[in-house]
Amino acid sequence: MNSYTAIRGCFFDFIDDPWKHLGNDRAAARFERDGLLVIEEGIIRDFGPYADLAEKYSGVPLTHIRDRMILPGFIDGHIHFPQTRVLGAHGAQLLDWLQTSIFPEEEKYADRDYAEEAAEHFFNALLAGGTTTCQAFTTSSPVSTEAFFEEAARRQMRVIAGLTGIDKFAPPDTLISADDFYRESKRLIEQYHRCGRNLYAITPRFAVGCTEEMLTYAAQLKREHEDCWINTHISENPTEVRAARTEFPECSDYTAVHEKHGLLGAKFTAGHGIWLSNDEFRRFSQAGAALAFCPMSNLFLGSGLFRLGRALDPEHPVRLALGSDMGAGNAFSLIRVLDEAYKVGLCNNTMLDGSVNPLQQDLAEAERNKLNPYRAFYLATLGGARALYLDDLLGNFQPGKEADFVALDWTAGQQAISWRQSLTTKSGTPATIDEAAELLFGIMALSDDRSVAETWIAGQCAYRKESTDTARDAAYPLPLAAPQETFVNPQHSPASAKL
């Protein structure tokens, strides 16, 4: 066991989907008040109560993370790497916002130096928010995809991304021809797909921005590289939906565009899906395709309210990931995303509970819209992994999975949060799974990346918020005058106590 390390602390993860346990959501979760996570070369080898495992792993270097809740790393299913610098840009609704704020910034990513600088900012922000895996859009310039994958590899992060295909409805310097998209995508797949923890997504930006030739090439790439993912957008904005009908008059709806071109299926993710019909949701479910729920950006751009309860209909559930959709989403933090998702769900609940129109009452769907802490943090972890077909690698603390996790400080956030959380626990550590869930809801409602104390990638600490070692008994070899935020070199091993 010379190569083993261990983490002791308070752990919370999921072993099932809470929506399958309506009325008893805690049955889908797992809580170890004093647990032990054993890691070898970035992979979880064992997990369980400290009392049961301590003797077995005596002598293994130990890091004890005190007074924190340790969860699997957050998974962002829809984010835009080249929008890092313009997140929160004012811009009316989607199409105007793209033309005014986004496309001009994305053109800069043809410059390698700019793209590399942006990649450093991007991944720093992800780690500070507790996000350990993302599925990201780059740009139509190949160097932006190269810079993204190379920075992710340097940090040993699990990511999905690919060259963005768009050949109409954008400024000329933002476009790429269908031929160039096909040729460069093949090169990038060969260079980066499954190189380390990099995964490749064939990425037609959105159907309205793609010619028939572009979509045909995307389908050809998928046939030639079946192991790759597909990442796109769908039904985000009513104007976009109308444009799809105009551009593809032979297709009955937006989903049919992707069906026609052989794209809809396993490992296919489309961001948004706000304006999908009930039949389109069913077809997504049947195909094994996923949607990324992006409430923060949907509200920021006034796009609409995603029908969470409809997407999770138990007769035809859709795989569902959360997406920050940064930069229309005005934060990297998935904790902020959960806060907005909770509000969207409650608005949907009100529309369906009969209080507005008794004729539209659907109590079952209304209930599925409610995001309690079990449902919310499931979407941010194991649910996101399942949606992206990564649950064999990520999402909980099962042995054999990759050791990416986040340590949350449930007293960090708004000034009032600590006193609020003391209603739940005064002992320093929650005593039960429901206490732990209530603290997580407090984080979700009152905090953001301020609650992220540490983010670990492949069994090593990649980010620490604390400037002093108040919450630990095993310090990292950082300078005495450490800054408030520290991004740890991924090759740097921690100093550890012994188990």
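A few points on the structure. What you see is a predicted model; the values in this text were computed from it and never measured.

Attention now goes to the side chain of T139. Tracing the chain through its elements places T139 in the loop between β6 (131-137) and α4 (142-154). Of the polar contacts made by the side chain of T139, one reaches the side chain of S144; its length is 2.8 Å. Here T139 is in contact with P82, E106, Y109, S144, T145, L163 and T164, once residues within four sequence places are set aside.

Moving on: the nonpolar core. Core analysis: the largest hydrophobic core is formed by 122 residues, its most contacted members being F12, M69, F122, F148, F284 and L291. If one sorts the elements of this core by residue count, helix α3 (residues 112-128) sits on top with nine residues.

Restricting attention to buried positions, one finds in helix α9 (residues 278-287) the residues E280, F281, R283, F284 and S285. Contacts made by the buried residues of α9 are with β10 (229-234), α8 (254-260), β11 (268-272), β12 (290-293) and α11 (308-311).

This brings us to the environment of A244. Among the secondary structure elements, A244 is positioned in helix α7 (residues 238-247). Looking at A244, the relative accessible area reads 4%, which means it is buried. Separated by 43 residues in sequence, A244 and A287 place their C-alpha atoms 21 Å apart. For A244, the contacting residues outside a window of four places in its chain are V208 and Y254.

What follows deals with the pairing of strand β14 (residues 405-408). Of the two faces of β14, the one carrying F405 and A407 and the one carrying V406 and L408 are both buried. Examined bridge by bridge, β14 and strand β15 (residues 452-457) share four bridges and lie antiparallel to one another. Counterpart to L408 in the pairing with β15 is V452.

Analysis parameters
- Residues numbered from 1 in each chain as written.
- Predicted model: local features only at pLDDT ≥ 70, side-chain atom pairs only at ≥ 80, totals over all residues.
- Heavy atoms only, no water.
- Helix = DSSP H or I, 4+ residues; strand = E, 2+ residues; numbered from the N terminus.
- Polar contact = N/O pair within 3.5 Å; in protein donor to acceptor, adjacent residues only side chain to side chain.
- Contact = heavy atoms within 4.5 Å.
- Core = buried A, V, L, I, M, F, W, Y, C linked by side-chain atoms within 4.5 Å.
- Buried < 20%, exposed > 50% of the residue type's maximum accessible area, 1.4 Å probe, protein only.
- Pairing = 2+ DSSP bridges.

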